[in-house]
Amino acid sequence: MQLTYERVLGAYRTMRMIRSFEEKLVELVNLGKMSGFLHVYLGEEAVAAGVCAQLGEHDYVASTHRGHGHAIAKGVDVRGMMAELFGRRTGTCKGKGGSMHIADIDKGMLGANGIVGAGIPLATGAALTAKLKKTGGVAVAFFGDGASNQGAFHESLNLASIWKLPAVYVVENNGWGEFTPTDYVVPVKDIAERARSYAMPALIADGMDFFDVFAKAGEAIARARSGGGPTLLECKTYRFAGHYVGDALAYRPKDEAEKWMTERDPLRGFAERVLSDGLLNQDDLQRVDGEVSRHIEDAVKAAEAAPFPDASEVTTDVYADSHRRG
Amino acid sequence: MTGAAVVGQRATPASMTPMRELTYWQALQEALCDAMRRDPAVFVMGEDIGTYGGAFGVTRGLLEEFGPERVRCTPISEGTIVGAATGAALTGMRPVVEIMFMDFLTLTMDQLANHAAKFRYMYGPQARVPMVIRTPAGGGRCYGATHSQSLEAWFLHVPGLKVVAPSTPADAKGLLTAALHDDNPVLFVEHKLLYANSGDVPAGDHRVPLGCAALRREGSDVTLVSYSYYAGVALAAAEELAAAGIDAEVIDLRSLAPLDTATILASVRKTGRLICIEEGPRTGGVSAEIAAVVAEHAYEYLDAPVRRVGAIDTPIPFSPALEPAALPQRSDIVRTAREMFACRR
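Residues numbered from 1 in each chain as written. Chains lettered and ligands numbered in written order. Predicted model: local features only at pLDDT ≥ 70, side-chain atom pairs only at ≥ 80, totals over all residues. Heavy atoms only, no water.

Here we look at the side chain of Ser255 of chain B
All names here are of chain B.
Part 1 of the argument: With respect to the helices and strands, Ser255 occurs in strand β12 (residues 255-257).
Part 2 of the argument: One polar contact links the side chain of Ser255 to the main-chain amide nitrogen of Gly211, over a distance of 2.8 Å.
Part 3 of the argument: If we skip the residues at most four places from it in the chain, Ser255 touches Val163, Val164, Leu175, Leu210, Gly211 and Cys212. (Helix = DSSP H or I, 4+ residues; strand = E, 2+ residues; numbered from the N terminus. Polar contact = N/O pair within 3.5 Å; in protein donor to acceptor, adjacent residues only side chain to side chain. Contact = heavy atoms within 4.5 Å.)

Okay, structure coming up:
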């Protein structure tokens, strides 16, 4: 896929939207205006943006507890997401999902996911649908370094490999599995090495660099789409914030985070690159910043003004009413 | 739900429905094949279900008719089999999973309980998970503690799942056909001791609605409620009790979720006595739930305390000498019923 002016601008808009959306969430939680258990994606924006820039509406993603970025990058409406996080009836899932369970099936977003590693088999199943229905679609599983220690990861890579499913497994290695350093719980240097057990090609991308993620995801997605089977794509990234909003971060060296934030911020890196390459100019960036900022302010206002679900909603949608078939 | 199907009643008039004698496994296979011929979205996956035909033979011959794309023999990875089925269902397929032994559902619990069961609720009408998990339950074959369990009670505790457990070949076909038309995840509990049983099975589109119990025997003295293999055991016990002058009514639940409480309550209001029978351990079992429902809604009709007949609270032992001591027997049902009438007789 070529990086046209529109695509580059769109990539910046996606990353800026994720950044601003989540900075707003942190602010709202700290003000006591938003409740729930939130995990923010700050610092990892280039991964979701880079991968999803290679996907279309008929492709699927399965996400994680840190899922806002994937949802935004896959095109889920930010107003609906904000309303969902406020628990409103106008939310993406009518307020019944919350941060860890935002899904928009029509957009191909199969859900954030509250259980580490659980989205991996779901994406594998979505890839199976694409294969059986011959849609030409691809399914992407996003997950963290921690999830690569779950059985679901290993079982899914094995299954996708023997069935040559159109799947891409994107591990976002941010160095920390909740509150434990990755190198303590993962014996291999690169999680990408784990693909070898499943005779699966693996790629490693600089997860702080949109362009590198975009290129490597493009390679993996093209292989999947053309019947070449799955790929494990490891994106080396960093979680700027704590595991959850409110995490005091006592377990993590301050200088480590500062170094990543000052030297490797994916938005700053993107801006420097597009300006020096002449892909975008300063006006483009400022215009997007302004649009995003206004969009998020509007989303917050709309969400705060929206009604809560009626109490009767507590018993709806436990089951689907089965339509008559056949 | 109201009104159990009366003995012998069918969804379609008998005059229009040719009957054949089929075994339980053949009836299941017929439902599967009919669905796969009707709907290209239906496919099956599980361990050894291809050339081998499945551990209990239900899928034998399917690979030849439908090919390897739709009859997918999987690695031994139960968690991901169910997870992938959930993902496929969420994106428009209608997967049917075979889990070789019910005991192995332990390996699928995250995908079933946290995801498949909850997607509709968490995501709203945009999400459907039309999926059937077929699995053989039960002991009686000396398979030991990890291949003999009846774990269905666990799943009643997970809103969003449906749980079905047929006892006859006709219901095996009718309930599986209904499950295959359902847009929710359905746990379809089969029984190892039933696969070879024969019975009349309607040809064609035979559906037994989920959530509708069957009244297998009318009686006036005591209600015996059971399902799956033990529905038959309860019926045999009722005949033995009849000889002793106790007229037992027998309800075969067929579905555990949704539970046909109306049929249970109507029967208990008539007989005034209830024995709940299940193969799983008594503590926290299906019977406990039924007893609670009756206590809440029909306490004043009871002439005696509700009784439960189930497995004792131990793992299931291997030895042919011990297994029957752990699992409920027909004699336990008979003895329990006679105890309920001990004062009178």
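And the narrative resumes.
A short note on the confidence of the model for chain B
The predicted coordinates of low-pLDDT regions are not to be read in fine detail.
Part 1 of the argument: Across chain B, the average pLDDT comes to 95, with 94% of residues at or above 70.
Part 2 of the argument: Scored below 50 in pLDDT, residues 7-11 of chain B makes six contacts in the model with residues more than four places away or belonging to other chains. (pLDDT = per-residue confidence, 0-100.)

Digging into the sheet that holds strand β10 (residues 222-226) of chain B
Residues and elements named next belong to chain B.
Part 1 of the argument: Taken in spatial order, the five strands line up as β9-β11-β10-β13-β14 in an open sheet, and their pairing is mixed. This sheet does not close on itself; its edge strands, each paired only once, are β9 (214-217) and β14 (307-311). Ignoring strand direction, the axes of neighbouring strands in this sheet form an average angle of 25 degrees.
Part 2 of the argument: The pairing of β9 with strand β11 (residues 248-252) spans three bridges and is classified as antiparallel. Looking at the pairing, Ala214 lines up with Asp252 of β11. (Pairing = 2+ DSSP bridges. Axes fitted to C-alpha atoms, helices over the stretch in contact; angles between N-to-C directions.)

A short note on the pairing of strand β4 (residues 94-98) of chain B
All names here are of chain B.
Part 1 of the argument: Most of β4 is tucked away: five of the five residues are buried.
Part 2 of the argument: Taking every second residue as pointing to the same face, both faces of β4 are buried, with Arg94, Val96 and Glu98 on one and Pro95 and Val97 on the other.
Part 3 of the argument: Pairing of β4 with strand β5 (residues 131-137), which is carried by three bridges, proceeds in the parallel orientation. Bridge pairing links Val97 to Ile133 in β5. (Buried < 20%, exposed > 50% of the residue type's maximum accessible area, 1.4 Å probe, protein only.)

Focus: the domain arrangement of chain B
All names here are of chain B.
Part 1 of the argument: You can read the domains of chain B as domain 1 (21-202) and domain 2 (214-344).
Part 2 of the argument: In total, about 1900 Å² of surface goes out of reach between domain 1 and domain 2, with carbon and sulfur atoms giving 60% of it.
Part 3 of the argument: On the domain 1 side of the contact with domain 2, Cys142, Leu156 and Ala165 bury the most area, a combined 25% of that side's loss.
Part 4 of the argument: Taken together, domain 1 and domain 2 are joined by two salt bridges.
Part 5 of the argument: A salt bridge links Asp171 to Arg216; its shortest N-O distance comes to 2.6 Å.
Part 6 of the argument: Counting every contact that joins domain 1 to domain 2 gives 13 residue pairs in polar contact (both at pLDDT 80 or more).
Part 7 of the argument: Contributing elements (two or more residues each) for the side of domain 1 that touches domain 2: α6 (152-156), β6 (162-164) and α7 (169-181). (Domains from an automatic or database assignment. Buried area = accessible area lost by both parts, 1.4 Å probe. Salt bridge = Lys/Arg side-chain N within 4 Å of Asp/Glu carboxyl O.)

Considering the packing of aromatic side chains
Part 1 of the argument: Considering all chains together, one arrives at 19 aromatic pairs over all chains under this definition.
Part 2 of the argument: Between Phe210 of chain A and Phe214 of chain A, the aromatic rings sit 5.6 Å apart at their centres with planes inclined by 20 degrees, giving stacked as the arrangement. Here Phe210 of chain A pairs with Phe214 of chain A, and both are found in helix α8 (residues 210-225), just four residues apart, close to one helical turn. Each member of the pair, Phe210 of chain A as well as Phe214 of chain A, is classed as buried.
Part 3 of the argument: Between Phe119 of chain B and Tyr123 of chain B, the aromatic rings sit 4.9 Å apart at their centres with planes inclined by 15 degrees, giving stacked as the arrangement. Of this pair, Phe119 of chain B and Tyr123 of chain B both sit in helix α5 (residues 119-123), separated by four residues, roughly a single helical turn.
Part 4 of the argument: For Tyr123 of chain B, a relative accessible area of 2% corresponds to the buried category. (Phe/Tyr/Trp six-rings, centres within 6.5 Å; stacked < 30°, edge-to-face > 60°.)

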